[in-house]
Amino acid sequence: SAAQTAKVATKFTPTKADYQKVYNRIAEIIDDASDYDDGSYGPVLLRLAWHASGTYDKNTGTGGSNYATMRFEPEALHGANAGLHVARGLMEKVKKEFDWISYGDLWTLAGVCAVQEMAGPKIPWRPGRIDGFVTHVTPDGRLPDATQGAPHIRDIFYRMGFNDQEIVALSGAHALGRCHPDRSGFQGPWTFSPTTFTNDYFKLLFDEKWVWKSWSGPKQLEDKKTKSLMMLPTDYVLTQDKSFKKYAKAYADDNELFFKDFSSAFSRLLELGVPTQQFVASEPWIMGDEA
Ligand code: ZEM
């Protein structure tokens, strides 16, 4: 009918340029953080993108970034997601301005923007995620527990379809941001430059002497020299497990290799659980070049 034709004709189909506008808005928000943490919302936005994607289970095809299920209470209240209301709140402002974007696309694009704006590698990304329902919420316990060892890390990341090399590369994100006692219970940053993406996390793991911190909080390590940096038990395991150590050492020695491997593993992480036919482009895009 004529009415239907009119509706189709006026339906807004966003182009790459439209997503670039969203990216640019997120980039502004990342930097508009003079009173927050280390002066950037980049790390917490990156963590949102990771937790939105890292629930994927390759055996059941459930979880992942497709449905943005952290919007719903059961998942928002999972212990691992404590503090991410900050990141979701920031993205809510962007969603108001660009109401056509899905939450899954918005949150993963924010992760891409965070890495790139904090001087990290380009992360190939494409839109196509759709907003799901509370029925798509995943059970608690799909994200890694920082107090555990190598078998747990492998259980969690193999379930997403990653191998040891990719586990180590992805862990390099801990160059950024910090632990908050009121969120995870842990305390402090991993590196001296928590708003710049570098391979310093790997360098510090090998170059510093790490000792258990004596405090009333959860078990974590501190650098013996300055006592101002931290490592989680799961971070330290990357220097203790033979297979993990090989990759961690390689990334400590070669920043370019780390950037390349992080980029491909993170790009894949962000697409977990999204049916290929949903993507609007056959190949991921590089955003931000013309920003
Ligand atoms: Zn994290 N992460 N993470 N991570 N993470 C924290 C903070 C950040 C683990 C973990 O338990 C924690 C990956 C892998 C793993 C970021 C990105 C990525 C915190 C502190 C904990 C406890 C939260 C707080 O208190 O605010 C564990 C056990 C992991 C694997 C074994 C991967 C993969 C990441 C991205 C690719 C980032 C950016 C932060 C900093 C957040 C912030 O607010 O500063």
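Calculation notes
Residues numbered from 1 in each chain as written. Predicted model: local features only at pLDDT ≥ 70, side-chain atom pairs only at ≥ 80, totals over all residues. Heavy atoms only, no water. Near = heavy atom within 4 Å. Polar contact = N/O pair within 3.5 Å; in protein donor to acceptor, adjacent residues only side chain to side chain. Helix = DSSP H or I, 4+ residues; strand = E, 2+ residues; numbered from the N terminus. Nonpolar A, V, L, I, M, F, W, Y, C, P; charged D, E, K, R; others polar. Buried < 20%, exposed > 50% of the residue type's maximum accessible area, 1.4 Å probe, protein only. Expected span 1.5 Å × (residues − 1). Donors = N, O, S within 2.8 Å, 3.2 Å for Na, K, Ca; no water. Core = buried A, V, L, I, M, F, W, Y, C linked by side-chain atoms within 4.5 Å. Contact = heavy atoms within 4.5 Å. Pairing = 2+ DSSP bridges. Axes fitted to C-alpha atoms, helices over the stretch in contact; angles between N-to-C directions. Parallel < 35°, antiparallel > 145°, perpendicular 65-115°, else oblique. Phe/Tyr/Trp six-rings, centres within 6.5 Å; stacked < 30°, edge-to-face > 60°. pLDDT = per-residue confidence, 0-100.

Section: the site of the ligand
Logical step 1: Taken together, 23 residues lie near the ligand, and Trp50, His174, Arg178, His180 and Ser184 sit nearest.
Logical step 2: Within the contact set of the ligand, a nitrogen atom lies 3.0 Å away from a side-chain nitrogen or oxygen of histidine 174.
Logical step 3: Note that an oxygen atom of the ligand is positioned 3.0 Å from one of the backbone N or O atoms of arginine 178.
Logical step 4: Looking at the shell around the ligand, the elements that each hand over two or more residues are helix H3 (42-53) and strand E1 (178-179).
Logical step 5: If you tally residues by element for the shell around the ligand, the top one is H3, at 5 residues.
Logical step 6: For the shell around the ligand, the class distribution of residues is 15 nonpolar, 5 polar and 3 charged.

Overview of the environment of leucine 170
Logical step 1: Tracing the backbone shows leucine 170 in helix H8 (residues 164-171).
Logical step 2: Judged by its relative accessible area of 9%, leucine 170 falls in the buried class.
Logical step 3: Along the primary structure leucine 170 and tryptophan 50 are separated by 120 residues, whereas in three dimensions their C-alpha atoms are 9.7 Å apart.

Description of helix H6 (residues 103-117)
Logical step 1: Look at H6: 20 Å from first C-alpha to last across 15 residues, which is about the 21 Å you get at 1.5 Å a residue.
Logical step 2: The element H6 is largely enclosed, with a buried count of 14 among its 15 residues.

Re the coordination of the zinc atom of the ligand
Logical step 1: No other protein atom reaches the zinc atom of the ligand as a donor apart from His174 (NE2), found 2.2 Å away.
Logical step 2: By the secondary structure assignment, histidine 174 is in the loop between H8 and E1.

Considerations on the nonpolar core
Logical step 1: The biggest cluster of nonpolar side chains holds 85 residues, and the ones touching the most others in it are Ile26, Met91, Trp107, Phe157, Phe262 and Phe266.
Logical step 2: With 9 residues, H6 is the single largest residue contributor to this core.
Logical step 3: Once you skip the residues sitting within four places of it in the chain, isoleucine 26 turns out to touch Leu45, Met91, Val94, Leu106, Leu109, Ala110 and Cys113.

A word on the sheet that holds strand E3 (residues 210-212)
Logical step 1: The 3 strands lie next to each other as E3-E4-E5, forming an open sheet whose pairing is antiparallel. What marks the edges here is a single partner per strand, and that holds for E3 and strand E5 (230-231).
Logical step 2: In this sheet, strand E4 (residues 221-223) lies alongside E3 in antiparallel orientation, the contact comprising 3 bridges. Each bridged residue has a counterpart across the sheet, and for valine 211 the counterpart in E4 is glutamate 222.

So, the packing of helix H7 (residues 150-160) against H8
Logical step 1: Running from amino to carboxyl end, H7 crosses H8 at an angle of 100 degrees, the nearest separation of the two axes being 10 Å. Comparing their axes, H8 and H7 come out roughly perpendicular. Contacts from Ile153, Arg154, Phe157 and Tyr158 in H7 reach Asp164, Ile167 and Leu170 in H8.

Describing the packing of aromatic side chains
Logical step 1: Evaluated as defined, the whole model comprises 18 aromatic pairs.
Logical step 2: Seen in terms of ring centroids, phenylalanine 202 and tyrosine 251 are 5.4 Å apart; in terms of plane orientation they differ by 50 degrees. Their pairing is tilted. In this pair, phenylalanine 202 is assigned in helix H9 (residues 200-207) and tyrosine 251 in helix H11 (residues 242-253), connecting sequence segments 49 residues apart. Summarising the burial analysis for this pair, phenylalanine 202 and tyrosine 251 share the class buried.
Logical step 3: Through pairs of rings, three or more aromatic residues link up here, namely Phe197, Tyr201, Phe202, Tyr251, Phe258, Phe259, Phe262 and Phe266.

Some remarks on the confidence of the model for the protein chain
Logical step 1: Residue-level pLDDT values for the protein chain average 96, and 96% of them are 70 or greater.
Logical step 2: For the protein chain, the element scoring lowest by mean pLDDT is helix H1 (residues 2-10), at 58; H8 scores highest, at 99.
Logical step 3: Confidence estimates for the predicted assembly give a pTM of 0.96 and an ipTM of 1.00.

A closer look at the packing of H11 against helix H12 (residues 255-270)
Logical step 1: Where H11 contacts H12, the axes come no closer than 5 Å and their chain directions differ by 120 degrees. With respect to H12, the axis of H11 lies oblique. On the side of H11, the interface is formed by Ala250, Tyr251 and Asp253, while H12 contributes Asn255, Leu257, Phe258 and Asp261.
Logical step 2: Looking at the contact of H11 with H12 residue by residue, the classes come out as 4 nonpolar, 1 polar and 2 charged.

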